[in-house]
Amino acid sequence: MTGIRRTVVTIHPAGPWGGPSALRELLASRELLGNLTLRELRSKYRGTALGQGWSLLHPIALLAIYAVVFSQILRVRPAVGSPSGLHSFVLWLATGLLPFLFFSTVVTQGMGSLVGNANLIKKVYFPREAIVLATATACLVTFLIEYTVLHVAVGLAGAAISPARLLVTLLLVALLFLFGTGLALIGSVLNVFFRDLQHLLTLVMMAWLYATPVIYPIALVRAELGADSTGFEIYSMNPMAGFVESFRDLVYDGRMPDFLMVGYLALVTAMVLVIGHVLFRALEGSLAEEL
Amino acid sequence: MAEAAVQVDHVTKRFRLYSERNQSLKAAALKLRRARFEEFTALDDVSFDVPEGSTFGLVGANGSGKSTLLKCIARILLPNSGTILTQGTVASLLELGSGFHPELTGRENVYLNASIMRIPRREIDARFPAIVEFAGIGKFIDEPVRMYSSGMYVRLGFAVATHLDPDILLIDEVIAVGDAEFQDRCLEKFAEFRRRGRTVIVASHALGLVESLCDEVKRLDHGRLVEVDDSPGPDQPLPEESPGTDTASIVTGLDVLDRHGFCVTDVRTGEPVTLRLHYETPAPIERPVLSLELHTPTGVCAFSQHSRDADLVPRVLLGSGSVDLSIPRLALQAGLYEVRAAVLDDSLRTVHAARSFGFRLRVSNDSLSESVGLAVLGGRWGNPMQDQTAGGLHDEHEDGTAGGSGSEVRA
């Protein structure tokens, strides 16, 4: 051929590890990723009266319900933000609840994404991870809007906002996104083989929410179990507890998070991503048959 | 010799046939194992090369593995063993409207499909008008594709796949869908593809159409590749032939004759037509039954008749000669029809000879009063006639009398 580099593809039986070529291929489909994400954002709320408004209504409604139940009826009293001096249950709740909801939608929707896109998978080839990634990215867009609104609210409530903390917050958001995507990769392929996993996940996510200091302060658990007890150590192993606490530190309290914790989160995220990628690659080949 | 655009090397693909499918954790946990299954070999050690710039045909009956093979080349399925090498971009049109998302508009789907093929946005912007034009869907391009008719779906799918200008185009049965005019445009597009040195692989069970298009045809039979005569003539024996008989030599030719007895290729709807079968048999065939069938490019049998049903069973067929089948009024819609002929014994159990003559019959229709469907029946609509009873009841109500009483008396 006259100087044109042609794509040469060798198709062979599935191997367990796609290697660097798999990532390169995913990178080469950036535009597809963008289009799939747009599609996800567009089709989700198309034909509904509120349109994109739905994506904001859901967290607002949950916030309102939890705020009434836990601050007015159950009398949960989080400590005053230090050094920010914030004293608002709703803001305190939102700093933890929004990231958790983001995580939970990434996993839930990512998990159903392969089955939901069976039509596409059975008819055209493209790196299948793109679908899971696009679903997660669409959730990320919604979450970024929500969290920006929250930052504005926190600023209006009188807390100082520092660029350094914003930067760390963004880093944490990226970590949380990758952590959720890793789990979604695992869940999405398994869901193709076991369709009822989706129902189980709803239960798991609810339990996970209550196992994470989202609607109650972690101080309550620490006081109950003892700060140095094994029980509390196990409780703190939950990566979501680390994420929620770090977000609270950054946004509500206005201080830097425990960087040892952030390191732990990065490690867990890397592990989940590697497992997710390997599992996905191993099962990817038979997707079109199983769907 | 051109370089191979696609190299299929000892490809085997097996599917699992589950006797009882359990796709749930619950079922798996209860039985402590996944479902039992049998293996089914869809492709068995298939090897061939498709030279660059050629149009390659894959024929075979339903379930012969041709769709599986295309899906393997398109990377949708992975082979169990063997490798496939493709050089250049691949676009596939497998089944109706490959990869369209029903909720998105035609426009959005075009861009989505383009990005699947990794074609940059600005390139599609330039080709977009041509795609809409070719698909002929006009303002529907901004409607969600779930609103499309199946014809529009196919047309848009074909338009996208061909206008994205892939190096290799894989097509499964799709050109057969759509009206005659669209089929013609598709064939034109194929010719253009060829001129530009692109590679096309077509799978179909309609041998005739594929053969008229392709440089080379391979036949798949139960997952195995079977050689088809390399010289592509229109006359090929059908796979249903009985073994052991030298079938091609019995039915030697076919003529399509118009009302004046001239050989033609085009016939108008409503005109008389005669199909003349030529035969040559060195050994006598006793009490032969002749059969003629007309098939559409989609494989639908539009017409089939045995001479036995028409009370003609000659005592013996020997030497060479011809048999006519006269059709007084060809009631078929415009399109291409594949002509298949067979010679059977009078129990219809033994097939002495069977062959396809390809798409030898081309029907055109001037009348626009019936332009869709398979048959032209010469239907005529009457004027609307108002139902007498309904009108009468209505009158009675206006008079204020009980509506039902009159009919009760009559009953």
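Refer to the structure above for everything that follows.
Described in the following lines is the structure provided in the data block.

About the criteria used
Per chain, residue numbering runs from 1 following the sequence as it is written. Chains carry letters and ligands carry numbers; both start at the beginning, A for chains and 1 for ligands, and go up in the order they are written. Where local features are concerned, this predicted model is filtered to residues with pLDDT of at least 70; where side-chain atom pairs are given and counted, the filter is 80 or more; whole-chain, interface and lining totals use all residues. Hydrogens are left out, water is left out, and the side-chain values use all remaining heavy atoms of the structure. Secondary structure elements are defined from DSSP: runs of H or I of at least 4 residues count as helices, runs of E of at least 2 residues count as strands, and each element is numbered from the N terminus. Partly exposed residues are those whose accessible area sits between 20% and 50% of the maximum for their type, while under 20% is buried and over 50% is exposed, using a 1.4 Å probe and protein chains only. Whether two residues are in contact is decided by their heavy atoms, any of which lying within 4.5 Å being enough. The length a helix should cover is 1.5 Å for every residue beyond the first. Each of two parts loses accessible area, computed with a 1.4 Å probe, when they are put together; buried area is these two losses added. Note on definitions: salt bridges are taken to be side-chain nitrogens of Lys or Arg within 4 Å of carboxyl oxygens of Asp or Glu. Pairing of N or O atoms within 3.5 Å defines a polar contact, subject to two protein rules: one partner must be a possible hydrogen donor and the other a possible acceptor, and residues neighboring in sequence count only if both atoms are side-chain atoms. The residue classification treats Ala, Val, Leu, Ile, Met, Phe, Trp, Tyr, Cys and Pro as nonpolar and Asp, Glu, Lys and Arg as charged. All others, Gly included, are polar. Between any two strands, at least two bridges found by DSSP are needed for them to pair. Among buried residues, those of type Ala, Val, Leu, Ile, Met, Phe, Trp, Tyr and Cys that are joined through side-chain atoms within 4.5 Å constitute a nonpolar core. Cavities and pockets are defined on a 1 Å grid built over the protein atoms alone: a cavity is a set of grid points where a 1.4 Å probe fits but cannot escape, while a pocket is an open set with protein on both sides within 12 Å along at least five of seven lines, and lining residues are those with an atom within 4 Å of any such point. Grid points are joined across faces, edges and corners, and a volume is the space filled by probe spheres set on the points. Axes, fitted as lines to C-alpha atoms, cover a helix only where it is in contact. Angles between the N-to-C directions of the axes lie from 0 to 180 degrees. Angle categories: roughly parallel below 35 degrees, roughly antiparallel above 145, roughly perpendicular from 65 to 115, and oblique for all the rest. Crossing handedness: left-handed means the near helix sits turned counterclockwise from the far one by under a right angle, and right-handed means the same turn made clockwise. Two distance rules govern patches: like charges are joined within 9 Å, and nonpolar side chains (Val, Leu, Ile, Met, Phe, Trp, Tyr) within 5 Å, applied only to residues with over 30% relative accessible area and no salt bridge. Methods summary: accessible areas were calculated by the Shrake-Rupley approach with a probe of 1.4 Å, and residue burial reflects only the protein chains presented. Side-chain rings of Phe, Tyr and Trp (the six-membered ring for Trp) are treated as a pair once their centres are within 6.5 Å; stacked means planes under 30 degrees apart, edge-to-face means over 60, and tilted covers the remaining angles. Working rule: Lys NZ or Arg CZ, within 6 Å of ring centre, within 35 degrees of ring normal, means a charge sits over the ring. A pair of cysteine sulfur atoms is labelled a disulfide when the two atoms are within 2.5 Å.

That bond from A:Ser82 to A:Pro83 is cis: its omega, 10°, falls within 30 degrees of zero. Here A:Pro83 lies in the loop between helix H3 (53-73) and helix H4 (89-116). Of note, the phi angle at B:Asp165 is positive, near 55°, even though the residue is not glycine. With respect to the helices and strands, the residue B:Asp165 is situated in the loop between helix H5 (150-163) and strand E6 (168-172).

Another point: the side chain of A:Asn238. Residues and elements named next belong to chain A. Assignment of secondary structure puts Asn238 in the loop between helix H10 (230-237) and helix H11 (239-253). Overall, the relative accessible area of 13% leaves Asn238 in the buried class. Excluding residues within four positions of it along the chain, Asn238 makes contact with Trp208, Ala211 and Thr212.

Looking now at helix H6 (residues 129-156) of chain A. Look at H6(A): 40 Å from first C-alpha to last across 28 residues, which is about the 40 Å you get at 1.5 Å a residue. Trailing H6(A) by a residue or two, A:Gly158 shows a phi angle of about 110°, which is positive.

Okay, the interface of chain A and chain B next. Counting residues at the interface gives 42 residues for chain A and 54 residues for chain B. With both chains or domains summed, chain A and chain B bury close to 4100 Å², and 54% of this area falls on carbon and sulfur atoms. Summed over the shared surface of chain A and chain B, the result is 1 salt bridge. B:Lys13 is the partner of A:Glu289 in a salt bridge, and the nearest nitrogen-oxygen pair spans 2.4 Å. Where chain A touches chain B, the interface holds 6 residue pairs in polar contact (both at pLDDT 80 or more). Sorting the residues of the side of chain A that touches chain B by element identifies strand E1 (8-11), helix H1 (19-28), helix H2 (30-45), helix H5 (118-121), helix H7 (163-193), helix H8 (197-210) and helix H13 (287-290) of chain A as the ones contributing at least two each. Sorting elements by how many residues they give to the side of chain A that touches chain B places H2(A) first, with 7 residues. Split by residue class, the side of chain A that touches chain B holds 20 nonpolar, 9 polar and 13 charged. The pairing of E1(A) with strand E4 (residues 81-87) of chain B spans 4 bridges and is classified as antiparallel. Bridge assignment links A:Val9 to a residue of E4(B), and that residue is B:Thr86.

Turning our attention to the nonpolar core. Ranked by size, the top nonpolar core spans 79 residues in total, and within it A:Leu97, A:Leu114, A:Phe126 and A:Phe243 carry the most contacts. Filtering out sequence-adjacent residues up to four positions away, A:Leu114 remains in contact with A:Ile121, A:Arg128, A:Ile131, A:Val132, A:Ser188, A:Val189, A:Val192, A:Phe280, A:Leu287 and A:Leu291. Listed in part, the 39 residues of the second largest apolar core include B:Ile124, B:Val160, B:Leu169 and B:Cys186.

Bringing empty space enclosed by the protein into the picture now. All names here are of chain A. One pass over the structure, following the stated rule, counts 4 cavities of 30 Å³ or more. Its boundaries defined by the atoms lining it, the largest cavity holds a volume of some 80 Å³. What lines the largest cavity is His151, Val154, Ala159, Ala160, Ile161, Ser162, Arg165, Leu166, Thr169, Leu250 and Val251. Within the residue set of the lining of the largest cavity, elements represented by two or more residues are H6, H7 and H11. Per element, the largest residue contribution to the lining of the largest cavity is 3 residues, and it comes from H7. Across the lining of the largest cavity, the residue classes break down as 7 nonpolar, 3 polar and 1 charged.

This part takes up the packing of H11(A) against helix H12 (residues 259-284) of chain A. All names here are of chain A. Closest axis-to-axis distance for the H11/H12 pair is 10 Å, and the angle between their directions is 135°. Taken together, the axis directions place H11 and H12 in an arrangement best described as oblique. For the crossing formed where H11 meets H12, the hand is left-handed. Contacts from Pro239, Gly242, Phe243 and Ser246 in H11 reach Met261, Val262, Leu265, Val268 and Thr269 in H12. Each residue belonging to the contact of H11 with H12 can be placed in one class, and the counts come to 6 nonpolar, 3 polar and no charged.

Right, let's talk about a nonpolar patch on the surface for a bit. All names here are of chain A. Residues Leu56, Ile60, Val141, Ile145 and Val149 make up a contiguous nonpolar surface patch of about 390 Å² in total accessible area. The element contributing the most residues to the nonpolar patch is H6, with 3 residues. On the secondary structure map, Leu56 appears in helix H3.

Across the sheet, which stays open at both edges, the 4 strands sit in the order E1(A)-E4(B)-E1(B)-E2(B) with antiparallel pairing between neighbours. Lying at the two open borders of the sheet, with one neighbouring strand each, are E1 of chain A together with strand E2 (37-51) of chain B. On average, adjacent strands in this sheet sit at an angle of 20° to one another, irrespective of strand direction. Sheet analysis places strand E1 (residues 4-18) of chain B next to E2(B), joined by 11 bridges and oriented antiparallel. Among the inter-strand pairings, B:Gln7 is bridged to a residue of E2(B), identified as B:Asp49.

So, about the sheet that holds strand E11 (residues 251-257) of chain B. Adjacent strands of a sheet pair through backbone hydrogen bonds, lying either parallel or antiparallel. Residue and element names in this part refer to chain B. Overall, antiparallel pairing links the 3 strands, which are arranged E11-E13-E16 in an open sheet. Edge positions in the sheet fall to E11 and strand E16 (316-327), since each has one partner strand and no second. In this sheet, neighbouring strand axes are inclined to one another by 20° on average, regardless of whether the strands run parallel or antiparallel. Where strand E13 (residues 273-286) and E16 come together, 11 bridges link them in antiparallel fashion. Paired with His278 across the strands is Ser322, a residue of E16.

Once that is clear, we can look at the packing of aromatic side chains. Residues and elements named next belong to chain A. Within the structure shown, the criterion is met by 15 aromatic pairs over all chains. Look at Phe100 and Phe103: their rings are 5.9 Å apart centre to centre, the planes differ by 65°, and that puts the pair in the edge-to-face class. A residue pair is termed a helical-turn pair when its members lie 3 or 4 positions apart in one helix, as Phe100 and Phe103 do in helix H4 at 3 residues. Exposure remark for Phe100: the relative accessible area of 2% places this residue in the buried category. Following the ring pairs from residue to residue traces out a cluster consisting of Phe100, Phe103, Phe179, Trp208 and Phe243. Its guanidinium or amino end placed over the ring of Phe126, Arg128 lies 5.0 Å from that ring's centre, counting from NZ or CZ.

It is worth spelling out the state of the cysteines at this point. Joining two cysteines, a disulfide is a covalent bond between their sulfur atoms. Taken as a whole and judged by the stated rule, the model has 0 disulfides over all chains. Left unpaired, B:Cys72 is separated from the closest cysteine sulfur, that of B:Cys214, by 20 Å.

In this section: helix H2 (residues 66-73) of chain B. Residue and element names in this part refer to chain B. Burial within H2 is extensive, with 7 of its 8 residues counted as buried. Of all the residues in H2, the buried ones are Lys66, Thr68, Leu69, Leu70, Lys71, Cys72 and Ile73. Count one or two residues on from H2 and you reach Arg75, which has phi positive near 70°.

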